[in-house]
Amino acid sequence: GPSTSFFDAVGGEPTFRKLVDEFYAGVADDPLLRPMYPEEDLGPAAERLTLFLMQYWGGPNTYSAQRGHPRLRMRHAPFRIGAAERDAWLRHMRQAVDRLDLPPELATALWDYLERAAYFMVNALEDP
Ligand code: HEM
C-alpha cells in the first residue's frame, strides 16, 4: 500500500546486505577502486554503505546514529573520484542491482538514484 516504504518493498535489510556484498565482491578485485579503500578489511566500509542505503530508502536510521549527518560529498573529498572511478563504481553496482532480481520498476528506481549519486560524487577533473 501507499505507506509501504521502498525499503520494505524491496525486501528490507537482507536485500541491502546482498546488494552491498555483491558490490564489494566486485570492488575487492578492481585494480582502480581497491587501492582507494584505506582499510585492509572491506567489511567496515561495506557496513557503512549498507546502513546508509537502508536509511536513505526508509529503513532504520542506524547510519546517522553511528556516523552523524551523511555529508557524502565531504566524506569523499579525500578520494580522487573522476569519470573512471565513477564508471567502475557504477559497473560493480549495476551487476549487484541485477543480481537482486527486483521487479523492474523497483530496480529502475534504485538504479536511477545510484547513478545520480555517483555522478554527484565526482570531485576530480580528468587529465587534459
Ligand atoms: C565511503 C569511494 C560513490 C556512499 C567511501 C570510501 C571510498 C569510497 C574509498 C571510504 C571507505 C569507507 O571507509 O567507508 C567511492 C567511489 C565512488 C563512490 C570511488 C564513485 C562514484 C558513492 C556513492 C554513494 C557512496 C554514489 C552513495 C550512494 C558511501 C558511504 C561511505 C562511503 C555511505 C561511508 C561514509 C562514512 O560514513 O564514512 N566511498 N564512493 N559512495 N561511500 Fe563512497
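Because the structure is a prediction, the values reported are computed rather than measured. (Residues numbered from 1 in each chain as written. Predicted model: local features only at pLDDT ≥ 70, side-chain atom pairs only at ≥ 80, totals over all residues. Heavy atoms only, no water.)

Attention now goes to helix α6 (residues 83-100). Given a rise of 1.5 Å per residue, 18 residues ought to cover 26 Å, and the 26 Å separating the end C-alpha atoms of α6 matches this to within 8%. Turning to α6, its buried residues number three or more, namely E85, R86, A88, L90, H92, M93, A96, V97 and L100. Contact partners of the buried residues in α6: α2 (13-28), α3 (43-56) and α7 (104-121). The positive-phi residue at the C-terminal boundary of α6 is D101, with phi of around 50 degrees. (Helix = DSSP H or I, 4+ residues; strand = E, 2+ residues; numbered from the N terminus. Expected span 1.5 Å × (residues − 1). Buried < 20%, exposed > 50% of the residue type's maximum accessible area, 1.4 Å probe, protein only. Contact = heavy atoms within 4.5 Å.)

Take the confidence of the model for the chain next. Averaged over the chain, the pLDDT score is 95; the fraction of residues at 70 or greater is 96%. The ipTM assigned to the predicted complex is 0.96, against a pTM of 0.95. (pLDDT = per-residue confidence, 0-100.)

Let us look at the packing of aromatic side chains. Here the structure, examined in full by the defined rule, presents 10 aromatic pairs. Between Y24 and Y37 the ring centres are 5.6 Å apart and the planes differ by 80 degrees, which places this aromatic pair in the edge-to-face class. Here Y24, found in helix α2, pairs with Y37, found in the loop between α2 and α3; they are 13 residues apart in sequence, far enough to count as distant. With relative accessibility at 8%, the residue Y24 sits in the buried group. Arranged with centres 5.1 Å apart and planes meeting at 80 degrees, the rings of Y56 and W57 form a pair that is edge-to-face. Taking the relative accessible area as the measure of exposure, Y56 reaches 41% and is therefore partly exposed. By the ring-pair criterion, three or more aromatic residues cluster together here, those being F6, F52, Y56, W57, Y63 and Y113. The cationic tip of R94 hangs over the ring face of W111; the distance from NZ or CZ to the ring centre is 4.6 Å. (Phe/Tyr/Trp six-rings, centres within 6.5 Å; stacked < 30°, edge-to-face > 60°. Lys NZ or Arg CZ within 6 Å of the ring centre and 35° of its normal.)

Looking now at the coordination of the iron atom of the ligand. In this structure the iron atom of the ligand is ligated by exactly one protein donor, H76 (NE2), at 2.0 Å. With respect to the helices and strands, H76 occurs in helix α5 (residues 72-76). (Donors = N, O, S within 2.8 Å, 3.2 Å for Na, K, Ca; no water.)

Next up on the list: the pattern of salt bridges. This model, assessed by the stated rule, comprises eight salt bridges. With its nearest N and O atoms 4.0 Å apart, the salt bridge here joins D30 to R91. Remark: R91 occurs in helix α6 and D30 occurs in the loop between α2 and α3; sequence separation between them is 61 residues. Taking the relative accessible area as the measure of exposure, D30 reaches 6% and is therefore buried. (Salt bridge = Lys/Arg side-chain N within 4 Å of Asp/Glu carboxyl O.)

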